[in-house]
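Structural description and commentary
Residue-level listing of the chains:
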Amino acid sequence: MIYSSILLIVDYALERDFKAIFIDYDANLKGASDGTEDAGSSMYSNYGQIYADFTRLSMKGRLVIVAAQPKTYSWGQLIGLADIGESKRKQETADFIVTISKLATECPNSVFVAYIPKARRGKVGTKKYLIRIEGVFYEIPHGVYQQLAQIKEEVRYTPQDIERMVMEYNKQQSGINQKVKQMMNGGNNAKPGPNPFTQP
């Protein structure tokens, strides 16, 4: 619902046995940026109240996922915590934030980097590499991402294509790791060379 009241959404969710609530996206809520409620308040205050109301849901055990837009200057780079648009209050209130960046700007295919700039409980700074096919994100190894990001022509990949690429990549990596392991073992088993300082 465009420009729905946050209180209406919260009350509606609390009356039902919802496990998760998705908001796409927060600027579509009344009081955020359309001026239909609290027009005299600052955007900082408006978003503060909106996310405080969302907290009512999380306190009741509901998972609240809110989509937000990044600032325009961050397009084409890794989106960090300070790059989230509209208001700093959402950065302060959220327990967990994940950004999805399109770094391969010259690649017409949907390859992205997911990044965690904030986590109250968990590791910050984690990156995952993704490809989107028909609206579904698939995680891929970094090496596969690097190869796909270099392609300048549009390609209609299928999930089976990506699965084969990942299998072949993992096979190659396994072979490389095995060779490195063999070299390391061989070095450990090698006979020591002569020590010139012990010669008569």
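None of the values given here were measured: they were computed from a predicted structure. Just so you know, the residues in each chain are numbered from 1, in the order the chain's sequence is written. Per-residue local features of the predicted model are confined to residues with pLDDT of at least 70, and side-chain atom pairs are confined, for both listing and counting, to 80 or more; whole-chain, interface and lining totals are unaffected and use all residues. Note that the side-chain values use all heavy atoms of the structure and ignore hydrogens as well as water.

1. Thoughts on the environment of S110
The criterion, for reference: Where helices and strands are cited, they refer to DSSP runs of H or I of at least four residues and of E of at least two residues respectively, numbered from the N terminus. Note on definitions: a residue-residue contact is assigned when non-hydrogen atoms from the two residues lie within 4.5 Å.
Structurally, the position occupied by S110 is in the loop between strand 3 (96-101) and strand 4 (111-119). Along the chain, S110 and R132 lie 22 residues apart, while their C-alpha atoms are 5.4 Å from each other. Beyond its immediate stretch of four places on either side in the chain, S110 contacts K102, L130, I131 and R132.

2. Examining the environment of Q49
Tracing the sequence through the fold places Q49 in helix 2 (residues 43-59). It is 10.0 Å that separates the C-alpha atoms of Q49 and K90, two residues lying 41 residues apart in sequence.

3. Topic: the sheet that holds strand 5 (residues 127-133)
As a reminder of what qualifies: Here, a strand pair is defined by DSSP locating no fewer than two bridges between the strands. Axes here refer to lines fitted to C-alpha atoms; in helices the fit is confined to the stretch in contact. Angles between the N-to-C directions go from 0 to 180 degrees.
Strands sit in the order 3-4-5-6 across an open sheet of 4 strands; the sheet is antiparallel. Strand pairing shows two members of the sheet lacking a second neighbour, strand 3 and strand 6 (136-140), which therefore form its edges. Going from strand to strand, the sheet's axes swing by 35° on average, the running direction of each strand aside. Pairing of strand 5 with strand 6 involves 5 bridges; the strand directions are antiparallel. Directly across from L130, in strand 6, lies its bridge partner E139. The sheet contacts of helix 4 (residues 142-149) involve strand 4, strand 5 and strand 6, and relative to strand 4 the element is tilted by about 130°.

4. Points about the nonpolar core
We count it as follows: Here, nonpolar core means buried Ala, Val, Leu, Ile, Met, Phe, Trp, Tyr and Cys residues that are tied together by side-chain atoms lying within 4.5 Å of each other. Here the term buried applies to any residue with accessible area under 20% of the maximum for its type, exposed to any over 50%, and partly exposed to those in between, with areas from a 1.4 Å probe on protein chains only.
Counting 16 residues, the largest nonpolar core has V111, I131, I140, Y145, L148 and I162 as its most contacted members. For this core, the elements supplying multiple residues, two or more each, are strand 4, strand 5, helix 4 and helix 5 (159-189). The biggest single contributor to this core is helix 4, with 4 residues. Residue contacts for I162: discarding those within four places in its chain leaves I131, I133, I140, L148 and Y157. Core analysis: the next-biggest nonpolar cluster, separate from the first, contains 13 residues, I6, I9, I50 and L57 among them.

5. A short note on the pattern of salt bridges
Here is the rule: Salt bridges are identified by distance alone: a Lys or Arg side-chain nitrogen within 4 Å of an Asp or Glu carboxyl oxygen.
One pass over the full model with this rule turns up 6 salt bridges. Residues D95 and R120 are paired through a salt bridge, measuring 2.6 Å at the closest nitrogen-oxygen approach. Placement of the pair is D95 in the loop between helix 3 (88-93) and strand 3 and R120 in the loop between strand 4 and strand 5, with a sequence separation of 25 residues. For D95, a relative accessible area of 38% puts it in the partly exposed group. Of the residues examined, R120 reaches a relative accessible area of 45% and is grouped as partly exposed.

6. Remarks on the packing of aromatic side chains
The condition that has to hold: Under the pairing criterion, centres of Phe, Tyr and Trp rings, with the six-membered ring standing for Trp, must be within 6.5 Å; the plane angle then separates stacked pairs below 30 degrees from edge-to-face pairs above 60, leaving the rest tilted. Either the NZ atom of lysine or the CZ atom of arginine qualifies as a charge over a ring when it sits within 6 Å of the ring centre and within 35 degrees of the ring normal.
Under the criterion given, the structure shown has 4 aromatic pairs. When the ring of Y51 is compared with that of F54, the centres are 5.5 Å apart and the planes differ by 85°; the resulting orientation is edge-to-face. In this pair, Y51 and F54 both sit in helix 2, 3 residues apart, roughly one turn of the helix. One exposure class covers both Y51 and F54, and it is buried. A ring pair is formed by F112 and F137, whose centres lie 5.8 Å apart and whose planes are at 65°; its orientation type is edge-to-face. With F112 in strand 4 and F137 in strand 6, the pair connects residues that are 25 residues apart, well separated along the chain. F112 gets classed as buried once you look at its relative accessible area, which sits at 11%. Residue placement shows K102 over the ring face of F112; its charged tip is 5.7 Å from the ring centre.

Without other data, these values stay purely geometric and don't point to any function.
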